[in-house]
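Chains, contacts and geometry: an overview
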Amino acid sequence: MVTNGCFDLLHAGHVTYLEQARNLGDALLIGLNADEGVRQLKGPDRPVNPQDDRAALLAALESVTAVCIFNERTATRFLSEAGPDIYVKGADYTIETVPQEERRMVEKLGGRIAFIPFVPGKSTTALLKKISQL
């Protein structure tokens, strides 16, 4: 199975999400948004951590089998190459709000999309807000 994201400031919410994703199958491949993609998605002040650092931290987690950095804004090409049986997304998405080109690719490959809830109060945005108030 695969998931993807920015994983800018790794926190307990990320770790819990990735552990739950890994429990859905035998291996977990992460598609990691490259720095430019993160800027496009999150704004000019992001990422805080460069892509190689983010990849190294993710790869060190027991739940993660491998990490692949991709340059595109969406994960469609990554998904086409990974060919997942299960594409895991956070429950802030629904089948209707997942980027539809990603949905079509997963379905074309015979996979399905699974949604995992986030840990309440744990997010990079909340963490950055807290840091800015120090």
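Above this text you will find the structure in question.
This write-up is about the structure you can find in this document. (Residues numbered from 1 in each chain as written. Predicted model: local features only at pLDDT ≥ 70, side-chain atom pairs only at ≥ 80, totals over all residues. Heavy atoms only, no water.)

1. Description of the overall build of the chain
Rules: In this description a helix means any DSSP run of H or I spanning at least four residues, a strand means any run of E spanning at least two, and both kinds are numbered starting from the N terminus. A radius of gyration in this sense is built from C-alpha atoms; the matching globule rule multiplies 2.2 Å by the number of residues raised to 0.38. To sort residues, take the accessible area from a 1.4 Å probe on protein chains only and compare it with the maximum for the residue type: under 20% means buried, over 50% means exposed, and anything in between is partly exposed. Here, two residues are considered to be in contact whenever any of their heavy atoms come within 4.5 Å of each other. To measure how exposed things are, a 1.4 Å probe is used in the Shrake-Rupley method; for residues, cover is taken only from the protein chains shown. The positive count covers Lys and Arg only, the negative count covers Asp and Glu only, and His and the chain ends enter neither. A charged residue contributes its charge at one atom only: NZ of Lys, CZ of Arg, CG of Asp or CD of Glu.
Scanning the chain from terminus to terminus reveals six helices and five strands. Secondary structure elements in the chain, listed N-terminal to C-terminal, are β-α-β-α-α-β-α-β-α-β-α. A compact globule built from 134 residues would reach a C-alpha radius of gyration of about 14 Å, and the chain, at 14 Å, matches this within 12%. In terms of principal-axis extent, the alpha carbons of the chain reach across some 50 × 30 × 30 Å. Classification of the 134 residues of the chain by burial places 40% in the buried group. In the chain, the proportion of contacts linking residues at least 24 apart, taken out of those at least 6 apart, comes to 72%. Counting only carbon and sulfur atoms, one obtains 51% of the accessible surface of the chain, whose full area is about 7400 Å². Mean positive and mean negative side-chain charge positions of the chain (15 and 17 charges, respectively) differ by 5 Å.

2. A word on the sheet that holds strand 5 (residues 112-116)
Using the following cut-off: A pair of strands counts as paired when DSSP detects no fewer than two bridges linking them. Convention adopted: a line fitted to C-alpha atoms gives each axis, helices being fitted over their contacting stretch, and angles between N-to-C directions are expressed from 0 to 180 degrees.
Spatially, the five strands line up as an open sheet ordered 3-2-1-4-5, and their pairing is parallel. Only two strands of the sheet have a single partner each, and these edge strands are strand 3 (66-70) and strand 5. Recorded for the sheet is a direction-independent mean angle of 30° between the axes of neighbouring strands. Note that strand 1 (residues 2-5) and strand 4 (residues 86-90) share two bridges and pair parallel.

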